[in-house]
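Below, each chain spelled out in residue letters.
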Amino acid sequence: MTKREKPLVIVTRKLPAPIEARMRELFDARLNDTDRPMEQHALVAAVREADVLVPTVTDRIDRAVIEQAGPRLKLIANYGNGVDNIDVEAALARHLFVTNTPNVLSEDTADMTMALILAVPRRLVEGGTRLLGGERWPGWSPTWMLGRRIWGKKLGILGMGRIGTAVARRAKAFGLEIHYHNRRRVDPRTEAELGATYWESLDQMLARMDILSVNCPYTPATYHLLSARRLALIQPHAFIVNTARGEIIDERALVKLLQEDRIAGAGLDVFEEEPAIDRKLVRLAEENRVVLLPHMGSATIEGRIEMGEKVIINIHTLMDGHRPPDRILPGDF
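Residues numbered from 1 in each chain as written. Predicted model: local features only at pLDDT ≥ 70, side-chain atom pairs only at ≥ 80, totals over all residues. Heavy atoms only, no water.

Engineer: Got a minute to help me understand the UniProt feature "domain: D-isomer specific 2-hydroxyacid dehydrogenase catalytic" (unreviewed entry) in the protein in this structure?
Structural biologist: When the UniProt feature table is mapped to this numbering, "domain: D-isomer specific 2-hydroxyacid dehydrogenase catalytic" (unreviewed entry) covers residues 18-327. Annotated as 38% helix and 13% strand, the span residues 18-327 places its first and last C-alpha atoms 24 Å apart. (UniProt positions renumbered as here; feature names shortened; annotations may be inferred. Helix = DSSP H or I, 4+ residues; strand = E, 2+ residues; numbered from the N terminus.)

Here it is in structure tokens:
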């Protein structure tokens, strides 16, 4: 690529129209108008000729793909907050930059987390669907559709990063007691602001919470962090909400707990094998034992545009001869 030549940027999924328009202006952008996920052979072909690949969470950029990268490829600019879909170690070994779009989706994801924290104990989805069936609603009753109060309950936050902290701020306003487990204890001022209690032992926290919110990143170290053994520690009256990654929870063990009434309910926006969803989970949703959402925790127009703007900044910065601001470094994954 000469200095005046526009970089070839291959984008794997359809992005918001303003972002695609800007990419066309700045780069030789090859866009995905169909929005169908690219198969591995297409990803391999893309890395062989592109200067920049812009994948999303649906694209598995593994070692097999990266090892076939052509000499022009300089950057994998992930359109997403995490990089668990990319073999970052393999990319860095090939001297490729990997970037993501941090600090964009925290508030949107926290909003959705709080929505599930409200929806599951108060049976909001179940109540709404009751009005859509053929059966006539008989009217208000003192004992019908009773849920659980959240005011005064203990909320355990697994992962007190930006999203976990944003969830805590919302939850405090709803009268929940804030508890958390994290790799590192947060700043004392943040703890004081939130009235948050730190638990060094995840096991001990799980056994004492009324609601658990999963907000940690997915890494090899957090795969099935909520294992069958740990899930069994949760109290029967408690609820789980997950808006992080499905792989953090042993989904089969969670299904078993729900089936056996050993947990009160769950709200899941992410799944271990998505887009495939365990049929047992679907049946539990049909029985109003769990609320399922199609990975829409960060799905706002504003958030998606801001993600795209970060991708463009990372590409433009690199092509101007500088290090991208959102690059992933060894130790970050």
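Engineer: Even after reading the chapter, I still don't get the nonpolar core, so can you show me in this structure?
Structural biologist: Proteins that are soluble and globular tend to have nonpolar side chains buried together. By size, the foremost hydrophobic cluster in this structure holds 30 residues, and its most contacted members are L231 and I240. Where this core is concerned, the elements lending two or more residues are α9 (202-206), β9 (211-214), α11 (251-259), β11 (265-268) and α12 (279-286). Ranked by residue count, the leading element in this core is α11, at five residues. Setting aside residues no more than four positions away along its own chain, I240 makes contact with L212, L231, I234, I249, L254, I263, G265, A266 and G267. Formed by 26 residues, the second largest nonpolar core is a distinct cluster that contains I117, V120, I163 and L293. (Core = buried A, V, L, I, M, F, W, Y, C linked by side-chain atoms within 4.5 Å. Buried < 20%, exposed > 50% of the residue type's maximum accessible area, 1.4 Å probe, protein only. Contact = heavy atoms within 4.5 Å.)

Engineer: What is the right way to read the sheet that holds β11 from this model?
Structural biologist: The strands that make up a sheet are held in pairs by hydrogen bonds between backbone atoms, and each pair lies either parallel or antiparallel. Strand order in this open sheet of seven strands is β8-β7-β6-β9-β10-β11-β12, and the pairing throughout is parallel. Only two strands of the sheet have a single partner each, and these edge strands are β8 (197-198) and β12 (290-292). Across four bridges, the pairing between β9 and strand β10 (residues 239-242) is parallel. From the neighbouring strand, V214 faces β10, where its bridge partner is N242. Those strands touched by α12 are β11 and β12, and its axis lies near 115° from that of β12. (Pairing = 2+ DSSP bridges. Axes fitted to C-alpha atoms, helices over the stretch in contact; angles between N-to-C directions.)

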